[in-house]
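Chain and residue survey
The residues making up each chain are set out below.
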Amino acid sequence: MSWLVTGGAGYIGAHVVNALRAQGMPVTVVDDLSSGHRDYVPVDVPFLEADINDIQALREWMRTHAVVGVIHIAGFKYAGVSVKEPLRTYRTNVEGTAHLLQAMQEADVERIVFSSSAATYGTPSEEVVTEQTRTSPESPYGESKLIGEWLLAAQGRATGLVHTSLRYFNVVGSGEALLADTSPHNLFPLVFRALEEGRAPVIFGDDYPTPDGTCVRDYIHVQDLAEAHVVAAQRLQAGDQLQPVYNLGSGDGTSVRQIMDAMRKVTGQDFEPEVRERRPGDPARIVADGSAAAADLDWRMRHSVEQMVESAWRAAKRIQA
Ligand SMILES: NC(=O)c1ccc[n+]([C@@H]2O[C@H](COP(=O)([O-])OP(=O)(O)OC[C@H]3O[C@@H](n4cnc5c(N)ncnc54)[C@H](O)[C@@H]3O)[C@@H](O)[C@H]2O)c1
């Protein structure tokens with residue numbers, strides 16, 4: 001009996017794999033390595049290099065590895081890019097999720113935990129977003145994640161699939177294994193790359209309706225996030241009912257400029273960020289109420305913003321070394 005992590009060679013997936021193993025839960029990984037790293041997956045974890053759209057390969061893998069549940073993390077995650085590449089986004093996040101569900105149905109796998117996103121909310125009017133806040137995605141990426149949630153729910157009604165979707169807010173930092181976020185569009189890696197190359201890090205937009213004009217986000221540590229997945233998987237395996245959707249956020253907002261200040265402190269490098277135009281698809285402020293996840297998934301923020309920056313910096317330096 002094992003859990004299958006799709007996207008387990010990516011930044012978040014690799015942390016989830018390690019968190020499952022730390023709890024003694026057998027795990028296997030499927031990943032097409034489009035943005036993941038083969039060496040993020042421990043050598044003794046069975047690994048299938050495949051596209052989640054490959055129903056036959058997934059079905060056979062689930063059967064031969066006695067998969068009891070899937071943590072579906074594989075995805076195309078760039079909201080800004082998705083505006084220009086909607087078909088690519090839908091193919092991975094919508095078609096890929098539908099094909100994975102098809103493979104699960106054929107292999108009689110009845111549990112799934114899904115990586116959703118705060119992007120499903122768009123720009124919420126509430127100060128703090130709860131799971132009842134109206135969804136109103138503003139990018140093909142946000143739309144594709146919402147459709148992913150709907151697919152799980154529809155399949156649940158049709159076949160009895162048990163499921164929950166975790167809406168992540170801004171995931172940063174690194175766990176003990178120093179697995180870095182290498183994405184070319186996320187704030188932390190962008191800042192680190194700029195500093196490495198002797199350029200000023202960029203702030204995209206300082207004319208948002210926020211206290212310092214820069215976007216406000218709810219930053220969460222990837223290790224805390226990974227541990228919530230383990231609890232979700234354990235509870236589904238124990239036959240417990242979970243809510244269809246949980247926010248994984250702290251309730252605290254940090255602006256891009258505040259992150260830049262923390263970066264300056266942690267890296268010891270003095271820099272003045274360059275301000276450029278807003279990026280399409282970036283809402284002004286998103287901060288979450290994580291109390292439902294705290295009650296059901298033992299969701300806790302065990303790390304400070306400074307620890308997030310510091311661990312991410314250490315992981316990035318190791319990658320670049
Ligand atoms: N990083 C964040 O802040 C954040 C926030 C909200 C939601 N999410 C979601 O979390 C998930 C993981 O994000 P991440 O930051 O680890 O990104 P990542 O790019 O590091 O990981 C995604 C993984 O999925 C794999 N993958 C992509 N398409 C695939 C396909 N068709 N078949 C098989 N594997 C495929 C990639 O190779 C990669 O290993 C994504 O679904 C993303 O939308 C991330």
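A few points on the structure. (Residues numbered from 1 in each chain as written. Predicted model: local features only at pLDDT ≥ 70, side-chain atom pairs only at ≥ 80, totals over all residues. Heavy atoms only, no water.)

1. Points about the sheet that holds strand 4 (residues 67-72)
Taken together, the 7 strands give an open sheet; going across it, the order is 3-2-1-4-5-6-11, and neighbouring strands pair in parallel fashion. Of all strands in the sheet, those with a lone pairing partner are strand 3 (47-49) and strand 11 (245-248), marking the two edges. Averaged over neighbouring strand pairs, the angle between their axes works out to 20° when direction is ignored. In this structure, strand 2 (residues 27-31) lies alongside strand 3, joined through 3 bridges in parallel fashion. Within strand 3, the residue paired with Val-30 across the bridge is Leu-48. Across the face of the sheet, helix 5 (residues 140-159) comes into contact with strand 5 (111-117), strand 6 (162-168) and strand 11 while running at roughly 160° to strand 5. (Pairing = 2+ DSSP bridges. Helix = DSSP H or I, 4+ residues; strand = E, 2+ residues; numbered from the N terminus. Axes fitted to C-alpha atoms, helices over the stretch in contact; angles between N-to-C directions. Contact = heavy atoms within 4.5 Å.)

2. Observations regarding the packing of helix 6 (residues 187-196) against helix 8 (residues 256-267)
Between helix 6 and helix 8, whose axes approach to 11 Å, the crossing angle comes to 45°. For the element pair helix 6 / helix 8, the angle class is oblique. Pair helix 6 / helix 8 crosses with right-handed handedness. Between helix 6 and helix 8, the residues in contact are Leu-187, Phe-188, Val-191, Phe-192 and Leu-195 and Val-256, Ile-259, Met-260, Met-263 and Thr-267, respectively. (Parallel < 35°, antiparallel > 145°, perpendicular 65-115°, else oblique. Left-handed = near helix turned anticlockwise from the far one by under 90°.)

3. Description of the side chain of Thr-120
Structurally, the position occupied by Thr-120 is in the loop between strand 5 and helix 5. When near neighbours in sequence (up to four residues on either side) are disregarded, Thr-120 contacts Thr-135, Ser-136, Pro-137, Gly-142, Lys-145, Leu-146, Glu-149 and Arg-167.

4. As for the pattern of salt bridges
Per the counting criterion, the structure on display carries 20 salt bridges. Linking Glu-85 and Arg-88 is a salt bridge whose minimum nitrogen-to-oxygen distance equals 3.2 Å. By relative accessible area, which is 32% here, Glu-85 ends up partly exposed. Here Arg-302 makes a salt bridge to Glu-227, at a shortest N to O gap of 3.6 Å. You can see Arg-302 sitting in the loop between helix 9 (291-297) and helix 10 (305-320) and its partner Glu-227 sitting in helix 7 (residues 222-237), a full 75 residues away along the chain. Classification of Arg-302 as partly exposed rests on a relative accessible area of 40%. Each of Arg-59, Glu-60, Arg-63 and Glu-106 takes part in a single network of salt bridges with overlapping partners. (Salt bridge = Lys/Arg side-chain N within 4 Å of Asp/Glu carboxyl O. Buried < 20%, exposed > 50% of the residue type's maximum accessible area, 1.4 Å probe, protein only.)

5. Overview of the site of the ligand
Near the ligand, the surroundings consist of 28 residues, among which Ile-12, Asp-31, Ser-35, Lys-77 and Tyr-141 are the closest. Contact distances for the ligand include 3.1 Å between an oxygen atom and a backbone N or O atom of Gly-10. Relative to its unbound accessible surface of 820 Å², the ligand loses 95% to contact with the protein. Counting only elements with at least two residues in the shell around the ligand, the list comes to helix 1 (11-22), strand 5 and helix 5. In terms of residue count, the dominant contributor to the shell around the ligand is strand 5 (3 residues). Along the lines of polarity and charge, the residues of the shell around the ligand split into 12 nonpolar, 11 polar and 5 charged. (Near = heavy atom within 4 Å. Polar contact = N/O pair within 3.5 Å; in protein donor to acceptor, adjacent residues only side chain to side chain. Areas by Shrake-Rupley, 256 points an atom, 1.4 Å probe, with all protein chains shown as cover. Nonpolar A, V, L, I, M, F, W, Y, C, P; charged D, E, K, R; others polar.)

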